[in-house]
Each structure stands twice: as C-alpha cells, then as structure tokens.
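Listed here are the chains, written in short residue letters.
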Amino acid sequence: MASEARDRRAVITGLGAVSAFGWGVDALRDGLRSGRTAIGPFQRFDHTRHRTHVAGEVPEGPPPDFARGPRWRRLSLADRFAVFAAREALAQAGLEGPLHERAAGVFFASSTGGMLESERYFTQLVRAGARPPLGLMSSQQINGPGDAVARDLRVTGPVQTLSSACASGALALEAALAAIRAGEVEIAVAGGSDSLCEITYSGFNALRAVDEAPCRPFREGRAGMSIGEGAGVLVLESVDHARGRGATPLAELRGSGASCDASHMTAPHPEGAGAALALTRAFTDAHLEPDGVDFINAHGTGTPLNDAAEFAAFRAALGDRASQVPLTSTKGVVGHLLGSSGAIEAVATVIGLRDREVHPTPGGGRVDPAIGARLVLDVPEAVPDARTAVSTSLAFGGSNVALVLARWD
Amino acid sequence: MSQNGIRTNLKQLIVTTLNLDGLTPERIADDEPLFGSGLGLDSVDALELVVALEKEYGISIASHEVDRSVFGSLASLAGFVERRLAESKPQAADGQ
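Thresholds, definitions, all that
- Residues numbered from 1 in each chain as written.
- Chains lettered and ligands numbered in written order.
- Predicted model: local features only at pLDDT ≥ 70, side-chain atom pairs only at ≥ 80, totals over all residues.
- Helix = DSSP H or I, 4+ residues; strand = E, 2+ residues; numbered from the N terminus.
- Rg over C-alpha atoms; globule rule 2.2 N^0.38 Å.
- Contact = placed C-beta atoms within 7 Å.
- Domains from an automatic or database assignment.
- Nonpolar A, V, L, I, M, F, W, Y, C, P; charged D, E, K, R; others polar.
- Buried ≥ 20, exposed ≤ 12 C-beta atoms within 10 Å, placed from the backbone.

1. Topic: the overall build of chain B
Part 1 of the argument: Assigned secondary structure in chain B consists of 4 helices and 0 strands.
Part 2 of the argument: Secondary structure of chain B in N-to-C order comes out as α-α-α-α.
Part 3 of the argument: In terms of overall dimensions, chain B is globule-like: its C-alpha atoms have a radius of gyration of 13 Å, near the 12 Å expected for 96 residues.
Part 4 of the argument: Overall, chain B is about 45 × 25 × 20 Å in size when its C-alpha atoms are taken along their principal axes.
Part 5 of the argument: Looking at chain B alone, contacts between residues at least 24 apart form 61% of all its contacts between residues at least 6 apart.

2. A word on the domain arrangement of chain A
Residues and elements named next belong to chain A.
Part 1 of the argument: Looking at the assigned domains, one finds that chain A contains domain 1 (10-244) and domain 2 (255-406).
Part 2 of the argument: Domain 1 and domain 2 are separated by 20 Å when their C-alpha centres are compared.
Part 3 of the argument: Contacts between the two partners involve 63 residues from domain 1, matched on the other side by 54 residues from domain 2.
Part 4 of the argument: When residues of the side of domain 1 that touches domain 2 are traced back to their parent elements, those giving at least two are β1 (10-19), α1 (25-34), α5 (168-181), β5 (187-194) and β6 (230-238).
Part 5 of the argument: Per element, the largest residue contribution to the side of domain 1 that touches domain 2 is 8 residues, and it comes from α5.
Part 6 of the argument: Partitioning the side of domain 1 that touches domain 2 into residue classes produces 30 nonpolar, 22 polar and 11 charged.

3. So, unusual backbone geometry
Peptide bonds are mostly trans, and most non-glycine residues show a negative phi.
Residue and element names in this part refer to chain A.
Part 1 of the argument: Cis geometry is adopted by the peptide bond preceding P62, which originates at G61 and carries an omega value of 0°.
Part 2 of the argument: For F218, which is not a glycine, the phi torsion comes out positive at approximately 65°.
Part 3 of the argument: Relative to the helices and strands, F218 is located in the loop between α6 (198-206) and β6.
Part 4 of the argument: F218 sits in the buried class, given 27 other C-beta atoms within 10 Å.
Part 5 of the argument: The residue R356 is not glycine, and still its phi comes out positive at about 55°.
Part 6 of the argument: Inspection of the secondary structure assignment puts R356 in the loop between α11 (341-355) and β10 (357-358).
Part 7 of the argument: You can call R356 partly exposed: it has 16 C-beta atoms within 10 Å.

Right, dumping it as structure tokens:
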C-alpha cells in the first residue's frame, strides 16, 4: 500500500448549469456559441423605478420531467438552480446518487441565497400588513443552495459555502481542489448558485455599476455590468477515483491562486496588482509558464474600471501573451451571476477546452483600443491546439482568484 | 360548533393557510396523516397551522402539544380543537 503512488490531481467529470439561456448545459453551450446575449428585459420584479431595465433572467423551470422531490416547495429559487445543476453534473459524471457511502463533499458559493424570497416576505409584511407565509424564509441563508445540494445528493462529507462576493464561485472550486489534493474527499460537487433579486439589482444600480444596455465587456463605451442569475456546478474527482471507476475526465482543474487587493471596497486596484498576484500564484500552483495559456475567460464585468484593471493584470502576469491569446467574457452572454459567476464561467471554460473553441463576447461598439485585448467577437473562435485556459474572478472587496483549467487527454 | 363543522372549517383553514398546489378541502381525508406521508406537511407547515388555529379559534397551543396525537390527522386535530373550545366556553360565559 505504501509503495503505491497516489494521484491526487483533480479532474472534472461532470458539468451542470442553469442560465438565462435555460435549464441545462446544452442550453448554455448553444447560447455561448450563438454570439447572442441572453441579457434583456425581465419580469422578476417591478423595475420601472430603477435606472436600468435589463438582466439575465432564467426562464421558468425546471423542465416538467425533472423529479422535484418532496421538499422542493421549501427551496429558494437559488436552491432549485443549484439542485438541478448538481444532478445534471452528477449524471454526466456517471455517478449515481446518493453519495453518502462515498467520500464526497460539497463546496459551494452564493451571494444571494434566499434573498429573493426574503424580499418577498418583507414586501408582503410591509405592504399588506399581514403575516406572510413562513415558507418564504425557510431557505433564507446564503448556505441554502449548497446545503440543498448536499441533502438532495445525500453528501455526508464536508459541506461548505463560501461567500466572498464575485470571487466566491472560484473560491469554492479552489476549496474543492484543496480537499481533493489533501485526500479529504474523492468526489467534490463544486459550484455556485444565485438568483436575481431586487437588493442586488438596486444596489449595483445605485453604485452606477450597471449598464443600461446588455453589458459590453472590453468594448469602448462600456458602462457597467448586467445582473444575471443561475448556477454552475462541476463534479471534481481525484484522478485515482475517476480512473478506478473508468470515468472519462472532461478536463483537469490544474491549479488556482488567490489574493486580495486590500485597498478599496468596490474599485479594483488600478493596475490590477491583486489580480496579477492571483494569476502568478495560479501559474505556480499549476506548474505552468505564462506562455502555456491558450485562452482567457476573463472576469470581464463590463465596468470601465474592471476591464482596464483586469487586462493590466493579464499584461503583468502573461506579458505579451496577454494580447495574443483569445479572450472572452461569459458575462456578456448570461450576465453577472455574482457569487456563482466563477462557477458558471469555469463550466464555460471547460466546454471551450473540450470543444476546442472560445465563445464570442456579445456587445456593441468596437473593442476598447486603450485595452488591447484580443476579444473573440460574433462567432466562436476555433482553438485546435488549445490545452490550457485561465478563468479569473475579481470581487468587490478586492478578493481575486485565478483558475487554471486544462484538457486531460 | 359541531365536530363536522370544525372538520369542514379546519380543512378550509389548512387550504387557505398553507397554499399548497392543487389542494382543496375535499382532498383532505379525515383519517389520512397530515404530515410525512399522506398530505405531506412539514414542520414549517406545523408552525403556520398553530398560528392560524390560535387566531381562528381564539385558543392557545403550547409547543409540547404539537405532536402526533394532535396533529396526526384531520380528525385528531378537530378533536383537539373541540376539547379546547369546550374548556374555554365556561370562562367565556363568565365573562359575559
């Protein structure tokens, strides 16, 4: 036993997603490839008095054939996105639940949890004066989505929720990677889920951080983000575990790096110093030279400050390669999923590695010449030789994460 | 209020209080379990019901009374409400 080398690298064997394009990875993939944005008018709440009127709203769901389970009505919308995406990812991995007899953990992210339902509770309380249904508060907490996934899949290993604003999803993946490397788990269900609600919508609006048009990452004249919603879930396994059951990895989570700007509540460090540090740490962790990066899935919120600072970080960490490799932002397609953005963007990046193409970034106007990114436009860009991609998540509060994802074959 | 009257009244109260998809008073059987199997109510529903019952009938229900012997079925719940109403009647009469 002692002589047997153990392979604790982490491979990805399943993907799940819910986005403004619909319930499921296929809807996301088709949408990413389409060159269209899913950001547009939305119905979730009355936004006539807000400054902007677009978001990436998930259509009604889940599909009727989805087995909802007896406690479905107690789940928040974010919980439902999470459970759907987790089951989808597990099915692709070929892992049948329940997982209680396996060394499995849940590593999840959220910014909103059941904030939407809490808003409805207090709106009814204040406006109608009557006692609203308690059920609106039954999954109010930020850990709701991760816990709902654990109950649904019967995961009895470590279950944790990370909430560090827009870095949360990537931090959850980093936590999953660490747990697999340490041998704490063999299977990690990692991801994040958030729902569109009025507190986040009005909050970012009040900060003037939201574009009136669907967001336009890295374009000249970009004027902010667009709020999205949904979930991204990845099933990670140790190589040993995946091999042992004959599973085919989709990709490897090869490394991650995290940092903090430690400077401002909302603005990024102007030269992207913190983001550059996260990138450098990720490259070290993945034993990767910067020239080994084949494409970039940027945080790319579409705010004037983020995109400029982020690209400065790419320049600092990748040198000339920063403007040579294709760069995309999933946020231009499905909006900003806040805490779970890093999770759905990791899903998009794995899809790109698997299909050997980088999805386009919708949005009008020319690419900002002051930045100089090689932004993928209109149609997917074929990257036949691509092996390795980096995905970044840069949060309000200054928390930064870079993930290195790679083909496994 | 007769026991039948209480049962009918309770079914309507459950429907309006819990707002369950597709649930009508006619679909609540007197002897079917309310929780778990049967109607499938849970502990949040129990909290909702206690508050609604207290308000509807002017009775008070202590935490230790929220158990299977009382909340097991519509019939047992109706019996409980009936006993409570009977207990409170003399006091109400005194008050008049």
